[in-house]
Amino acid sequence: MNVSLFRMVCIIQFALCGYMAVNSFVYIFNAPGWHSYVSFGAFSVAVYLASFIIQMLNKNYPDEPLSVKQKSAFNWLFVLNFFMFSLLLSYNINDVKLIIGSTKREIALAGPLFYAMVLLHFLITILQVYILVNMVKLRRALNRNFEKKSLDLDILGN
């Protein structure tokens, strides 16, 4: 696991999901409904996840174990981000349906903002998969490094 790349991806994801969370929050006032609330909640969770990972990389990596509170937060965020991932997949499927079902004239009228949002949804989905996979790797690395450090200290103590 490349820690500097992981940190950079988390920063990018923080910015992109932060933008989408603000966009969803504004959408709550323009068109209130369950979709706007769910979208705001999911993107807010993704922002919190990215900040939590950056904090964990700064405080715990390479050999500090996670506290009980951090482990609990880690587990809840991991589960909640599968919800986020399902929402992102629904956005991507909806975008593909819109593009396939559109005529050439509708595509020409859609403009660059539509395609920017399609690209943004796809990019956030790819980054989310990368983050979820590397979360597990990070937790394993922290446990392995801590166990190795304690074993080294036990050997030195004898």
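Because the structure is predicted, anything quoted here is derived from the model rather than measured. (Residues numbered from 1 in each chain as written. Predicted model: local features only at pLDDT ≥ 70, side-chain atom pairs only at ≥ 80, totals over all residues. Heavy atoms only, no water.)

A. Structural context of the packing of helix α1 (residues 3-30) against helix α2 (residues 34-59). Where α1 contacts α2, the axes come no closer than 8 Å and their chain directions differ by 155°. Classed by the angle they form, the pair α1 and α2 counts as roughly antiparallel. Viewed along their axes, α1 and α2 form a crossing whose handedness is left-handed. Looking at side-chain class alone, the contact of α1 with α2 contains 20 nonpolar, seven polar and one charged residues. (Axes fitted to C-alpha atoms, helices over the stretch in contact; angles between N-to-C directions. Helix = DSSP H or I, 4+ residues; strand = E, 2+ residues; numbered from the N terminus. Parallel < 35°, antiparallel > 145°, perpendicular 65-115°, else oblique. Left-handed = near helix turned anticlockwise from the far one by under 90°. Nonpolar A, V, L, I, M, F, W, Y, C, P; charged D, E, K, R; others polar.)

B. Highlighting the packing of aromatic side chains. What the rule picks out here adds up to seven aromatic pairs. Both rings, one in F25 and one in F40, keep their centres 5.3 Å apart while their planes meet at 45°; by these two values the pair is tilted. Of this pair, F25 sits in helix α1 while F40 is found in helix α2, placing the two residues 15 residues apart along the sequence. For F40, a relative accessible area of 29% puts it in the partly exposed group. (Phe/Tyr/Trp six-rings, centres within 6.5 Å; stacked < 30°, edge-to-face > 60°. Buried < 20%, exposed > 50% of the residue type's maximum accessible area, 1.4 Å probe, protein only.)

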